[in-house]
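Remarks on the overall topology
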Amino acid sequence: MSETIRVAVRLFASLEKARPGLRAGEPLVVELEARATVRQLVGTLGVAPESVRLAFVNGLVRGFDHVLADCDRVALFPAIGGG
């Protein structure tokens, strides 16, 4: 049996639509295979990778190839327009 990890994910702005019923900023605990990346997490959530502009892991900006660890805290943000 493969080892798994659990990460707490927060989805912001338009990404919240990927998980209806989740309140704004409420964490979602996701179980993944050990050594999963941010990209794999995004795919597991059913979010299109191109819709994620920023990924924070434990408060630090990380790329899609960043390997996650058990108990990481992940925040995903879309591109936000403004003027």
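As shown above, the structure is provided for reference.
Attention here is on the structure that accompanies the text. Fair warning: this is a prediction, and the values are worked out from it, not measured in the lab. (Residues numbered from 1 in each chain as written. Predicted model: local features only at pLDDT ≥ 70, side-chain atom pairs only at ≥ 80, totals over all residues. Heavy atoms only, no water.)

1. Describing the pattern of salt bridges
The final tally for this structure, using the stated rule, is one salt bridge. Note that Arg 39 and Asp 65 form a salt bridge whose closest N and O atoms lie 3.1 Å from each other. Of the two residues, Arg 39 sits in helix 1 (residues 38–45) while Asp 65 sits in the loop between strand 4 (60–61) and strand 5 (73–77), which places them 26 residues apart along the sequence. A relative accessible area of 40% means that Arg 39 is categorised as partly exposed. Given the relative accessible area of 58%, Asp 65 is considered exposed. (Salt bridge = Lys/Arg side-chain N within 4 Å of Asp/Glu carboxyl O. Helix = DSSP H or I, 4+ residues; strand = E, 2+ residues; numbered from the N terminus. Buried < 20%, exposed > 50% of the residue type's maximum accessible area, 1.4 Å probe, protein only.)

2. What about the packing of aromatic side chains?
In this description, a pair of aromatic rings is defined by centroid distance and the angle of the planes. In the structure shown here, the tally under the stated rule is two aromatic pairs. Where Phe 12 meets Phe 77, the ring centres are 4.5 Å apart and the plane angle is 5°; that geometry is what we call stacked. Residue Phe 12 is found in the loop between strand 1 (4–11) and strand 2 (28–33), and its partner Phe 77 is found in strand 5; the two are separated by 65 residues along the sequence. A residue is classified by how much of its surface remains accessible, and Phe 12, at 24% relative accessible area, is partly exposed. An angle of 80° between the planes, with centres 5.7 Å apart, marks the rings of Phe 56 and Phe 77 as edge-to-face. Taken together, the positions of Phe 56 in strand 3 (residues 54–57) and Phe 77 in strand 5 put the pair 21 residues apart, joining distant regions of the chain. Chaining the aromatic ring pairs together yields one cluster made of Phe 12, Phe 56 and Phe 77. (Phe/Tyr/Trp six-rings, centres within 6.5 Å; stacked < 30°, edge-to-face > 60°.)

Take it as geometry only, folks, not as evidence of what the structure does.
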